[in-house]
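Architecture at a glance
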Amino acid sequence: MKPVIFGMPGNEAAASALSRTLGAALGEIEHRQFPDGESYLRILTPVSGAQVALVCSLHEPDNKILALLLAAAAMKDLGASSVGLIAPYLAYMRQDTRFKDGEAVTSREFARLLSGSFDWIVTIDPHLHRYTSMSEIYRVPVGVGHAAPVLADYLRRKRGEVFLIGPDEESEQWVAAVGASAGVPYVVMRKSRRGDRDVSITFSGLEAFGGQRPVLVDDMISSGHTMEVAVRQLVESGFAAPICLAVHGILAENAKTRLESAGAQVVTTNTIPGPAAKLDVVPLLAELAEVELARK
Ligand code: R5P
């Protein structure tokens, strides 16, 4: 029996591409909101006895999580033999410690929720910083793919000399992997964050790169303030218009427009759909899902 891949709202294109690549069936799910805001879900494709995977990229997670958990529960209730989650972007990884007294360590609680509803999960470049492995917080297998070779391939296709900048210490693992894969040098800056939209970056060590185009590399562009501050400082210092290259383009609060107005070009993978999502990670997700589906 073929596995069945379902796309949650907004993930239809990824689900369809994944079902083709995996040779799986594409499932249909009806999801609408009752007038009072509750979710109505109906699984239109039979799942009894089938391995099932739901595709749901988890940017803006609070708007999605309940319907996702309800859909997973319905699949099990209808007899699916296993239910996996293909989450190209996995949210809530950054609150990986209690920075201030009383804070919820939401990465752990989110992991507990997903682990209780899915048999396996696959994702691309989760923000593993203080955790070194997903098994520290997830109780089910989590297949992790890395987009560095995809970003590096994009850089190899660019003309002219470029160098990479990681805007903060947390970006080092990503900028180092992309630099190694593309054979391009990188430097890492120091950032201090005073609030969600208030960051400053100390630049140093750029003297050697005069005349080259800077490429800012990070795992994600969220509000875009990290990238925006970096772009403005680079342009003010006389560098050519930078490229902002990231795995996940959350791009909240018109970040793409703000970055472009500051003189940058924004390029991300398609873990989150949108106009900057130019680099395809579906083959990577398919490989990871294939491994999980083969376990049963
Ligand atoms: C943080 O550690 C991440 O790697 C990103 O640098 C950060 O999340 C970007 O956030 P924002 O776009 O809101 O400045």
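So, here's what we can say about the structure.

Thresholds, definitions, all that
- Residues numbered from 1 in each chain as written.
- Predicted model: local features only at pLDDT ≥ 70, side-chain atom pairs only at ≥ 80, totals over all residues.
- Heavy atoms only, no water.
- Axes fitted to C-alpha atoms, helices over the stretch in contact; angles between N-to-C directions.
- Helix = DSSP H or I, 4+ residues; strand = E, 2+ residues; numbered from the N terminus.
- Parallel < 35°, antiparallel > 145°, perpendicular 65-115°, else oblique.
- Left-handed = near helix turned anticlockwise from the far one by under 90°.
- Contact = heavy atoms within 4.5 Å.
- Phe/Tyr/Trp six-rings, centres within 6.5 Å; stacked < 30°, edge-to-face > 60°.
- Buried < 20%, exposed > 50% of the residue type's maximum accessible area, 1.4 Å probe, protein only.
- Pairing = 2+ DSSP bridges.
- Near = heavy atom within 4 Å.
- Polar contact = N/O pair within 3.5 Å; in protein donor to acceptor, adjacent residues only side chain to side chain.
- Areas by Shrake-Rupley, 256 points an atom, 1.4 Å probe, with all protein chains shown as cover.
- Nonpolar A, V, L, I, M, F, W, Y, C, P; charged D, E, K, R; others polar.

A few words on the packing of helix α4 (residues 148-156) against helix α5 (residues 172-182). Across the interface, α4 lies against α5 with an axial gap of 8 Å and an inter-helix angle of 50 degrees. Here α4 is positioned oblique relative to α5, judged by the angle of their axes. The handedness of the crossing between α4 and α5 comes out as right-handed. In contact with A148, P149, L151, A152, L155 and R156 of α4, α5 contributes A177, V178, S181 and A182.

Let's shift gears to the packing of aromatic side chains. In this description, a pair of aromatic rings is defined by centroid distance and the angle of the planes. Under the defined criterion, the tally for this structure stands at four aromatic pairs. Ring geometry for F163 versus F209: centroids 4.2 Å apart, planes at 5 degrees, classification stacked. In this pair, F163 is assigned in strand β9 (residues 162-166) and F209 in the loop between β12 (198-202) and β13 (213-221), connecting sequence segments 46 residues apart. In this pair, the class of F163 matches that of F209, namely buried.

Attention shifts here to the sheet that holds strand β16 (residues 277-279). Strand order in the open sheet formed by six strands is β10-β9-β13-β14-β15-β16, and the pairing between neighbours is parallel. The outermost strands of the open sheet, each flanked by one partner alone, are β10 (186-188) and β16. This sheet shows a mean twist of 35 degrees between the axes of neighbouring strands, independent of strand direction. As defined by bridge partners, β13 adjoins strand β14 (residues 243-249) across six bridges and the pair is classed as parallel. Note that in β14 the partner of L216 across the bridge is C244.

Spatially, the six strands line up as an open sheet ordered β2-β1-β5-β6-β7-β8, and their pairing is parallel. Two strands in the sheet have a free side with no partner beyond their single neighbour: β2 (25-26) and β8 (142-145). Of the strand pairs in this sheet, strand β6 (residues 82-87) and strand β7 (residues 120-124) are connected by four bridges, and their pairing is parallel. Considered in β7, the bridge of G84 is made with W120. Across the sheet, helix α1 (residues 12-22) is in contact with β1 (4-7), β2, β5 (51-55) and β6; its angle to β1 comes to roughly 165 degrees.

In the neighbourhood of the ligand, 15 residues make up the surrounding shell, with E170, D218, D219, S223 and T226 lying closest. One nitrogen or oxygen atom from the main chain of S222 is found 2.9 Å from an oxygen atom belonging to the ligand. Contact with the protein chains hides 93% of the accessible area of the ligand, taken as 370 Å² for the molecule alone. Where the shell around the ligand is concerned, the elements lending two or more residues are β11 (190-195), β13 and α6 (225-236). Counting residues per element, the shell around the ligand draws most heavily on β13, which supplies four residues. In terms of residue class, the shell around the ligand is made up of two nonpolar, six polar and seven charged.

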